[in-house]
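# Notes for the structure review
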Amino acid sequence: MALPFIAESAASAIIGNLVSTCFSYLEVYPAPFRGGMQDELERLQHALPQVLAVLTAVEGGAPDMVENKALDAWLWQFRDAVENAEDVLDELEYYSKLKKTVEEARDGEVRGLLSNLKRKFNSVFNFFSNDTLKRSREAVKGLDRAVADMGPFLQLVNGFYGPSVKRQKLEDIMKARETSSTVIKSEVLGRDKERDRIVEWLIKPGDGDVDVSAYTIVGIGGLGKTTLAKLVYSDERVREHFDSIMWVCVSLDFDAAAIIRKILNYSHSTSLEALHEDLKQKVTSKRFLLILDDVWNDDKTMEWEQLVEPLKFGQRGSKILLTTRMDSVADMAAKAMKCKRESLNLNELEESDCMSLFNNYAFLGVNPDDYRNLQLIGEQIVKKLGGSPLAIEVIGGMLNYCMEYEYWKKILEEDKMKLQEGKDNIMAVLRLSYDHLPTDLQLCFRYCSLFPQDYTFKRKKLVNMWIGSGLIPKSICGGQRPEDKGKEYLNLLTRKSFFTCTTYNNGSKITKQYFMHDLLHDLAQSVSRGECIRIGRDDARITIPLTVRHLSVEKLNVPSIREISVLKNVRTLIASVKEDNIPEFIEVIKGFEKLRLLSLCNNFDFSKSPGAFDSLIHLRYLSLPQQIVENRSIGYDGLTNLVNLRSFDVSNHVIRNIPYISKLPFIHKLQEFIVREENGYKISELKNLKDLRHLRIDELENVRSSEEAIEANLNGKECLKSLSLDWSVDRSNCTEADEQLLDNLCPHINLNKLCIARYQGAKSPCWMTGLSLINLTSIELRFCQQWEHLPPLGQYSSLQSLCLMGLYAIKQIDCSFFGSNSRCAFPSLKKLQLWYMRNLEEWIGIDDKCMFPQLHSMSIIDCPNLREIPTLPYSLRQLLISKVGLTALPTINQDYANNNQEHFQALESLVIGECEKLEYFPTDFFGKFNAIISLCIGDCPKLTKRGISDIQVPSVLGVLSIGSCGELEAPLLWSANLTSLTRLELVDCARIVSLPPAQVCAQWTMLYLLSIHNCKELSSFGGIQALVSLRSLAISGCDKLIEVALLQQPPFPNDLGQKKNAVDCLLKLDYLSIDHHALLLLEPLRSLSSISNLTISDASRLTSLPEGWLQNHTTLKELHIWNARSLLSLPLSMKKLCSLDVLVVEDANLIQSLPDLPTSLYSLKITGCHPVLKEQCQENIGPDWPKIAHIPDVRIE
């Protein structure tokens, strides 16, 4: 079936543009070349309103309700004609740009291709009289034929898609989706938690400021939103709490009057005013619950307000419960009710509940035990249904009609596509959501079928692909940039629950990822047939229709290359090409004249075929694999033919070797433009690249004059968001030249991010001191070794991130750094980095104004001469100081927000390392900051307790690392307040002789990981047997602990289970790593009740394994022995380790034979083995081969 393929506004723009363009050409062409075109153009112009009427009808209707092959065929014919017209317009613009380039080219810069073009386009007549005119005439004729064939369909379309029929069809759908509050409890599984959560919200007291509150259940079609609402409706707690409970199925048409009539159970029509009065009387002084099921509307503000108005007369504590597929409905409900947004995003059913529900439907009326051969297939089918109750019910009911193995197997192999048969199924429900979208959004949604299921979408990439493939033409953007329109589309699809958005914060950047539910992916594939095709590795039998526009092939081989070679309308190609098949692929791709987007993965080596895509003049998006190329002399001249490119994702090697890149005026990103002195690579090539968003310029020393720098026109690039200016290393006597050059590289005021690297000037550029770049949010100054005086960066009011790295000439940061023109310095700064400032000695703060009021993260690394840091604000959350010459930590007590309580607990992470001069903390530090969750102090041997009477770390501390920190080692460790501690690391702690006793350790109830390394004086484990949550323990380099262990007698007793002095050990380790086997003799390791993984990291003195200890730990799953050069053999009792999966012995050069090994063993690895052992274990012939033949993974080497 043909799809709405273009919004009528876009079609109108294309056809109207072609008509007007061709009329203008007819004025300059002689009559013989017109060939009747004028008559065709006039007919097109006259018929355009009727064409748009057809498109509007198709766009506004529901195509799946009407089956008419003739109409479908005409829509495809018309689509071909419109797209041909679009291609012609694109081509005309392309040749116009080339002609302009030739005419403007300087004689010294015209080479090869340009010279040929100059001869070819010597006159306007020659330029337009040949292929271009022919294609224009063909496009006009194609549209004329399509319009001529439209006549019989105009009335037909009005009949099928006209308003009266559409209303009837929508009423049918709404009737089919009409719901009631009745629920069959035996059919409801797995929703008890969700039901209880909603019920608890419903019966709790209402918000003091709001009379009526709203709660929304959000989820894609088929997840059971209505069923859950029914459960809530029938819950006894709800029925007892509310005086009146009302249920209304809203469906597609959100009409306040219609909804109120349903609430009042009116069948007659009456005025809205009368309805309001009746509803007011019904709810006044009553605590009511109104359930609005299947709500779609998220934008009819007036209708919402008219519905809510009389409901406000209900008793305080009244509630409204909604179900919807669109997250945006929850926002609208909260806005209309003027209440806090409350919602539940309904997830898929758990696997066990899915199976129970499936069995209820698939084995209805029969005994499941009589069909055991079907149960395994049923489990596999259920796993494919995405936890959707509706899908499970539909499939289960379908399978129940035929309890035959062959039929069930067929359904399994065909996946969920069988669901498309029949009108009351999950795809029909989801299709309803799809049909509700505007045509532009439908196009973008269908396009997503090119990606595999569970694909993670990145916003920028997906939007750029939509634009590149022609789904968002400029003609529909109005005054917006296509990128902004694309983001708007993605947000709308997400709000309407076609995507799920997840936000990730890695500390420095917040990113969003988008996901599409499997069933929605199936819907996208279903509605895009004939238009979008994705062929996976196992889809060799799929036939590609000739109408396909967007194609994704996971693995292109010779047969598939031949199959796609006949396609003439492909606009998008996403493919992975086998290396051996690249020559054949290149020949085929040259014939894809309509291609807009090309994305190749994996093995494609562009350096071997640099001219492969030079003829694809319609390309907007080109993405090729990132590769390291040894031959750096390869040129990519032909890429400048692709004058329409916007997204250009190729390796830096390619970017560096494109001459005359100015001929690609629409590219958005130039990640490595290397300036050269030769023509075609000068900085002036950047002049006309006005659409750049991201630009990095390297080897700026090759700019030979201020005039060249000015000609780059950085100041005129309004769209530029990030700019990196980079010089080469190892240059001398260039201070003055660099300063003059940088002054002439002033970017536009809209710039957000600026990086300057290896600049050798001593002073700041005038445009930084002049504070003209008011929109800067990020500044990085890297290895500018001669830069002596920093600009007044504190005056950049929008600056959020500042990195100063390798500025060796900076000795002092003073008041000039903060600026003097405002009362607050760095008002928006959140992240500050001072790295490798080797000569920085002094950092002077300012007393008369605030600084860093929003600072969240600060790191100072390798500033060995910096003696003092000014007072920092309470807003600070992360502080890292490493290799700094401080004697005392900075004070943190500035509060510029006048809200001590808000910022008092802000500091969450503190890392202090390799500060050899550091002597003390502020006296009130440990008492003041009670929100620290991560504290790491190491290699600060001079630290003292000066002025600190008691060290009590915060109770919320989750990570504690102590290492060589003087007098603070033991007090930090022995803090009894570590109730939230999950990770503890002790490294190089020379003052710790024992771990805390059991009464202290017993309070560390959350401790999961304990690591102890090179604590030479440690001689006792203390009370670690009380660590009930400890699962990972690693010990190494603790010499005195080993000495104590070696004194234990007997060395490895076989009666550990009956020993009298065993401690009461609560340890249940998953992982234990020790560097000496004797440690197993120490309590509580000696009495471990459970362990899964044992690693002996240094077994150089171990001649035999501790057999007695192993016999008491039959739950062991993995055993790793490193450096086993003294180990003579493995014990005979190895066979008793009945749970052992993995055995690894490294450097086992003395072992010559193996004992019988446990049958559970899955992996055996013995490295550095004796030659005899290798012979013993030879496959099928070695004497020890029977002992290891059952092990799937064996490596003895």
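One structure accompanies this document, and this report is about it. The shown structure was predicted, so the numbers you read here are calculated from the model rather than taken from an experiment.

The next thing to look at is helix 12 (residues 272-283). Given 3.6 residues per helical turn, the α-helix brings residues three or four places apart onto the same face. When the terminal C-alpha atoms of helix 12 are compared, their 16 Å separation across twelve residues agrees well with the 16 Å that a helix rising 1.5 Å per residue should span. Residues of helix 12 that are buried: Leu 275, His 276, Leu 279 and Val 283. All buried residues of helix 12 lie within an arc of 100° about the axis, which places them on one face of the element. Residues of helix 12 that are exposed and point more than 90 degrees away from the buried face comprise Glu 273 and Gln 281. After helix 12 finishes, the residue Ser 285 shows a positive phi value of roughly 65°.

Tallying each qualifying case throughout the model produces one disulfide. Across a sulfur-sulfur distance of 2.4 Å, Cys 824 and Cys 850 are joined as a disulfide pair. Between Cys 824 and Cys 850 the disulfide shows an S-S torsion of about -130°. By sign, it is left-handed. Taken together, the residues span a long stretch of sequence, with Cys 824 in strand 22 (residues 824-825) and Cys 850 in strand 25 (residues 850-851) at a distance of 26 residues. Look at Cys 850 and you get buried, because its relative accessible area is 14%.

When you line up the elements, Glu 194 lands in helix 8 (residues 192-203). The residues contacting Glu 194, other than those within four sequence positions of it, are Leu 228, Leu 344 and Leu 346.

Further remarks concern the pattern of salt bridges. Applying the stated criterion across every chain yields a total of 32 salt bridges. The salt bridge partner of Asp 87 is Arg 571, with a shortest N-O separation of 3.7 Å. In this pair, Asp 87 is assigned in helix 3 (residues 69-104) and Arg 571 in the loop between helix 24 (558-564) and strand 11 (572-577), connecting sequence segments 484 residues apart. Exposure remark for Asp 87: the relative accessible area of 0% places this residue in the buried category. For Arg 571, a relative accessible area of 5% corresponds to the buried category. The network of salt bridges with shared partners includes Asp 192, Arg 195, Asp 196, Asp 235 and Arg 237.

With respect to topology, six strands assemble into an open sheet ordered 9-10-11-12-13-14, the strand pairing being parallel. In this open sheet, the two strands that pair with only one neighbour each are strand 9 (532-535) and strand 14 (647-649). When strand polarity is set aside, the average angle formed by the axes of neighbouring strands in this sheet is 10°. Sheet analysis places strand 10 (residues 550-556) next to strand 11, joined by five bridges and oriented parallel. Considered in strand 11, the bridge of Leu 556 is made with Val 577.

The next thing to look at is helix 9 (residues 225-234). Burial analysis of helix 9 places nine of its ten residues in the buried class, the great majority of the element. Taken together, the buried positions of helix 9 are occupied by Lys 225, Thr 226, Leu 228, Ala 229, Lys 230, Leu 231, Val 232, Tyr 233 and Ser 234.

Time to look at a positive patch on the surface. Together, Arg 459, Lys 460, Lys 487, Lys 512, Lys 669, Lys 721 and Lys 753 give the surface a local cluster of positive charge. Inspection of the secondary structure puts Lys 669 in strand 15 (residues 669-674).

Another aspect to go through is the nonpolar core. Membership of the largest hydrophobic core comes to 207 residues, with the highest contact counts inside it found for Phe 613, Ile 756 and Trp 843. Looking at this core, the element that brings in the most residues is helix 25 (residues 582-589), giving five residues. Those residues within four positions of Trp 843 in sequence are excluded, and the remaining contacts are Ile 813, Phe 818, Leu 832, Leu 834, Phe 852, Met 858, Ile 860, Leu 866, Glu 868, Ile 869 and Pro 870. Membership of the second largest hydrophobic core comes to 57 residues, among which are Tyr 215, Ile 245, Trp 247 and Tyr 514.

For the rest of this paragraph, the subject is the sheet that holds strand 5 (residues 343-345). The strand order across the open sheet formed by five strands is 2-3-4-1-5, and the pairing between neighbours is parallel. The open sheet has two edge strands, strand 2 (244-251) and strand 5, and neither has a second partner. Pairwise comparison of adjacent strand axes, ignoring direction, gives a mean angle of 15° for this sheet. Two elements, strand 1 (residues 212-218) and strand 4 (residues 318-324), share seven bridges in a ladder whose sense is parallel. Paired with Tyr 215 across the two strands is Leu 321, which belongs to strand 4. Against the sheet, helix 14 (residues 327-337) touches strand 1, strand 3 (288-295), strand 4 and strand 5, its axis set at about 180° to strand 1.

The subject of this paragraph is a negative patch on the surface. Where like charges cluster on the molecular surface, the negative patch consists of Glu 914, Glu 916, Asp 939 and Asp 988. Given the relative accessible area of 35%, Asp 988 is considered partly exposed.

Checked against the element boundaries, Gln 671 lands in strand 15. A residue is classified by how much of its surface remains accessible, and Gln 671, at 17% relative accessible area, is buried. Here Val 650 takes part through its backbone oxygen, which lies 2.8 Å from a polar atom of the side chain of Gln 671. A polar contact is formed between the side chain of Gln 671 and the side chain of Asn 652, at a distance of 3.4 Å. Excluding anything up to four places from it in sequence, Gln 671 contacts Phe 648, Val 650, Ser 651, Asn 652, Ile 655 and Arg 696.

Further remarks concern the packing of aromatic side chains. A full pass over the atoms with the stated rule returns 20 aromatic pairs. With centroids separated by 6.3 Å and ring planes inclined at 20°, the aromatic side chains of Phe 783 and Tyr 836 adopt a geometry described as stacked. Here Tyr 836 lies in the loop between strand 23 (831-835) and strand 24 (842-843) and Phe 783 lies in the loop between strand 19 (778-782) and strand 20 (801-805), a separation of 53 residues in the sequence. When its relative accessible area of 25% is taken as the criterion, Phe 783 is described as partly exposed. Ring centres of Phe 817 and Phe 826 lie 5.1 Å apart, and the angle between their planes is 45°; on these two criteria the pair is classed as tilted. Judged on exposure class, the residue Phe 817 and its partner Phe 826 are both buried. Within the aromatic cluster, the residues linked to one another by ring pairs are Phe 451, Tyr 455, Phe 457, Phe 499 and Tyr 514. Across from the ring centre of Trp 201, 4.3 Å away, lies the NZ or CZ of Lys 319, which sits over that ring. In this arrangement the basic side chain of Arg 676 is found over the ring face of Tyr 681, its NZ or CZ atom lying 4.0 Å from the centre.

Glancing now at the environment of Thr 284. By the secondary structure assignment, Thr 284 is in the loop between helix 12 and strand 3. For Thr 284 and Phe 313, which are 29 residues apart along the polypeptide, the C-alpha to C-alpha distance reads 5.1 Å.

Bringing the pairing of strand 10 into the picture now. Among the seven residues in strand 10, five count as buried, and that is most of the element. Of the crossover connections in this fold, the one passing from strand 10 over helix 24 to the parallel strand 11 is right-handed.

Basis of the calculations
Residues numbered from 1 in each chain as written. Predicted model: local features only at pLDDT ≥ 70, side-chain atom pairs only at ≥ 80, totals over all residues. Heavy atoms only, no water. Helix = DSSP H or I, 4+ residues; strand = E, 2+ residues; numbered from the N terminus. Expected span 1.5 Å × (residues − 1). Buried < 20%, exposed > 50% of the residue type's maximum accessible area, 1.4 Å probe, protein only. Arc of directions from axis to C-beta. Disulfide = S-S within 2.5 Å. Contact = heavy atoms within 4.5 Å. Salt bridge = Lys/Arg side-chain N within 4 Å of Asp/Glu carboxyl O. Pairing = 2+ DSSP bridges. Axes fitted to C-alpha atoms, helices over the stretch in contact; angles between N-to-C directions. Patch = residues over 30% accessible without salt bridge, like charges linked within 9 Å, V, L, I, M, F, W, Y side chains within 5 Å. Areas by Shrake-Rupley, 256 points an atom, 1.4 Å probe, with all protein chains shown as cover. Lys, Arg positive; Asp, Glu negative; His and termini not counted. Charge placed at Lys NZ, Arg CZ, Asp CG, Glu CD. Core = buried A, V, L, I, M, F, W, Y, C linked by side-chain atoms within 4.5 Å. Polar contact = N/O pair within 3.5 Å; in protein donor to acceptor, adjacent residues only side chain to side chain. Phe/Tyr/Trp six-rings, centres within 6.5 Å; stacked < 30°, edge-to-face > 60°. Lys NZ or Arg CZ within 6 Å of the ring centre and 35° of its normal. Right-handed = clockwise from strand over helix to strand, strands pointing away.

What is shown is where atoms sit, not what they do.
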